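Residues per chain, in single letters:
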Amino acid sequence: MSSPLQSLVKSGTKLWLDSIDPELVALSKSQGATGATSNPIIVANLVKSGKFDKEIAELKAAGHSGEDLAWTLTDRLVSAVEKVFLPVFEATQGNDGYVSFEVDPLIEDPSANMPHAQRVKKYIELGKKWSKGHPNRMIKVPATPAGIESLTELVAAGIPLNITLIFSERQYLAARDAVVKGLDRHPDVKRFKSVYSIFVSRLDVYTDEHVKALSAEAQGWVGIVNAKRIWKKNKDFWAQKKLPLAQEMIFASTGTKKPNDPKWKYVGAFAGSDIETNPPETNEAVEKSGQVFKSDIENLPNDAILKAIDSHVDFAKLEEFLMTDGIKKFAEPQKALLEVFGSR
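Residues numbered from 1 in each chain as written. Predicted model: local features only at pLDDT ≥ 70, side-chain atom pairs only at ≥ 80, totals over all residues. Heavy atoms only, no water.

Trainee: Can you tell me about the pairing of strand E1 (residues 14–17), naming the residues and giving the values?
Mentor: Burial of the side chains of E1 extends over both faces: Lys14 and Trp16 are buried on one face and Leu15 and Leu17 on the other. Direction of pairing for E1 relative to strand E8 (residues 275–278): parallel, over a ladder of four bridges. The partner of Lys14 across the bridge, within E8, is Ile275. As paired elements, E1 and strand E2 (residues 35–36) share two bridges and run parallel to each other. Of the residues in E2, the one forming a bridge with Trp16 is Gly35. As a crossover connection, the stretch from E1 through helix H2 (residues 22–30) into E2 is right-handed. (Buried < 20%, exposed > 50% of the residue type's maximum accessible area, 1.4 Å probe, protein only. Helix = DSSP H or I, 4+ residues; strand = E, 2+ residues; numbered from the N terminus. Pairing = 2+ DSSP bridges. Right-handed = clockwise from strand over helix to strand, strands pointing away.)

Okay, here's the thing in structure tokens:
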């Protein structure tokens, strides 16, 4: 009999773990996971846990310090997980088995006041640096103006991409168009892989707090409806391109934020297609749920809910608020990580 997570995978979902903790990676792989993602929060929490004090001491002894130490450790941690999923990458010929590596979130730190052109240059430079020699590493770039502008050159350099911090259709379309511009210069289109991380639960927290005009029936549906609509656009667009590898959506931020929501709310809503990056605690709750997941990706709520969302949710305001918040949530842990290593 399949476990809940195994039933999720059988429904057609690729399961990626939102962690690079070796123990959790091993567990999730046994449950059907075929990839993983990382970000500054994850790395900072691993450092705080004390699990890698030995590795940190070794790196310090080898002369690493400050920012160099932080990024060398991040590279080492991600590289170890890449080895775990490399057989998946090879078996699927590059369609799965990736581990995402996020480039410096401080590029977007408002306090740094970095000019736009310099930000674009930094994304390209760091994307090339951190992807070199790592066939199943995906470079994570946020869907900010500078991040989006860098995508064309990164695609042309043959780098697999995870475009993250997407909250709106506008961001998705801008990112996708920038990716397409680089395809003509991609060194081997047969091996071209891109994914688009659409965040989910944060939208429902936002509307609950800031869109009081939205009906009670429609609250809690905005993240799901938004992501499913973008998923459909992405699926239809790339189907026309007929590329060997799938250009997929990642359903991110799948952990519930409201205490009354079942922990598997978002996991079940997107079952059946593309990729889910679930936090470890979400996977744990799902495994204990006893749920059997079947494909639900193409199903939308009733017309009244859709009409309410379309009438009351200003996605431009939503995007602006959540992007500002998202940049802060990744920049602050990175600053804290650097402070631990004495670079600030």
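Continuing now.
Trainee: I'd like a rundown of the packing of helix H9 (residues 201–210) against helix H14 (residues 315–340), residues and numbers included.
Mentor: Helix packing geometry: the angle between the two helix axes and the distance between the axes. Their axes nearest at 11 Å, the elements H9 and H14 cross at an angle of 120 degrees. In terms of axis orientation, H9 runs oblique to H14. Both H9 and H14 take part in a crossing whose hand is right-handed. Within the contact between the two elements, H9 uses Arg202, Leu203, Tyr206, Thr207 and His210 and H14 uses Phe315, Lys317, Leu318, Phe321, Leu322, Gly326, Lys329 and Phe330. (Axes fitted to C-alpha atoms, helices over the stretch in contact; angles between N-to-C directions. Parallel < 35°, antiparallel > 145°, perpendicular 65-115°, else oblique. Left-handed = near helix turned anticlockwise from the far one by under 90°. Contact = heavy atoms within 4.5 Å.)

Trainee: Quick rundown of helix H10 (residues 222–241)? Include the residues and the values.
Mentor: For H10, which comprises 20 residues, the first-to-last C-alpha distance of 29 Å matches the rise-based estimate of 28 Å (1.5 Å per residue) to within 8%. Phi turns positive, to about 55 degrees, at Lys242, one or two residues after H10. (Expected span 1.5 Å × (residues − 1).)

Trainee: Quick one: what's the story with the packing of aromatic side chains, residue by residue and with numbers?
Mentor: The final tally for this structure, using the stated rule, is ten aromatic pairs. Ring centres 5.3 Å apart and planes at 50 degrees place the aromatic pair Tyr206 and Phe321 in the tilted group. With Tyr206 in helix H9 and Phe321 in helix H14, the pair connects residues that are 115 residues apart, well separated along the chain. One aromatic cluster in this structure is built from Trp71, Phe101 and Trp130. The positively charged end of Arg176 is found above the aromatic ring belonging to Phe237, 3.7 Å away from the centroid. (Phe/Tyr/Trp six-rings, centres within 6.5 Å; stacked < 30°, edge-to-face > 60°. Lys NZ or Arg CZ within 6 Å of the ring centre and 35° of its normal.)

Trainee: Give a detailed account of unusual backbone geometry, specifying residues and quantitative values.
Mentor: Positioned with a positive phi, Asn113 is a non-glycine residue whose angle comes to about 55 degrees. Checked against the element boundaries, Asn113 lands in the loop between strand E3 (99–102) and helix H6 (116–131).

Trainee: I'd like a rundown of the nonpolar core, residues and numbers included.
Mentor: One finds Ile20, Leu161, Ile163, Tyr196, Trp238 and Phe270 to be the most contacted residues of the largest nonpolar core, which totals 69 residues. Here this core gets nine residues from one element, more than from any other, and that element is helix H5 (residues 66–91). Those residues within four positions of Ile20 in sequence are excluded, and the remaining contacts are Val25, Thr37, Ser38, Ile42, Val43, Leu46, Leu77, Val78, Val81 and Val99. Core analysis: the second largest hydrophobic core is formed by 28 residues, Phe167, Val222, Ala252 and Ile275 among them. (Core = buried A, V, L, I, M, F, W, Y, C linked by side-chain atoms within 4.5 Å.)

Trainee: Go over the pattern of salt bridges, please, and point to the residues and values.
Mentor: One pass over the structure, following the stated rule, counts 22 salt bridges. The partner of Glu248 in a salt bridge is Lys14, and the shortest N-O contact between them spans 2.7 Å. One end of the pair, Glu248, is in strand E7 (residues 248–252); the other, Lys14, is in strand E1, with 234 residues separating them in the sequence. Like Lys14, Glu248 is buried. Between Arg170 and Glu319 there is a salt bridge, with its nearest N and O atoms 2.7 Å apart. A residue pair is termed long-range when its members are at least 10 positions apart, and Arg170 in helix H8 (residues 169–183) and Glu319 in helix H14 qualify at 149 residues. (Salt bridge = Lys/Arg side-chain N within 4 Å of Asp/Glu carboxyl O.)

Trainee: How would you sum up the pairing of E7? Please name residues and give values.
Mentor: Burial of E7 is extensive: five of the five residues sit out of reach of the surface. Alternating residues of E7 divide into Glu248, Ile250 and Ala252 and Met249 and Phe251, and every residue in both groups is buried. With five bridges joining them, strand E6 (residues 194–199) and E7 adopt parallel strand pairing. Within E7, the position partnered with Phe199 by the bridge is Ala252. Both E7 and E8 contribute to a ladder of two bridges, which runs parallel. The residue of E8 that forms the bridge with Phe251 is Glu276.

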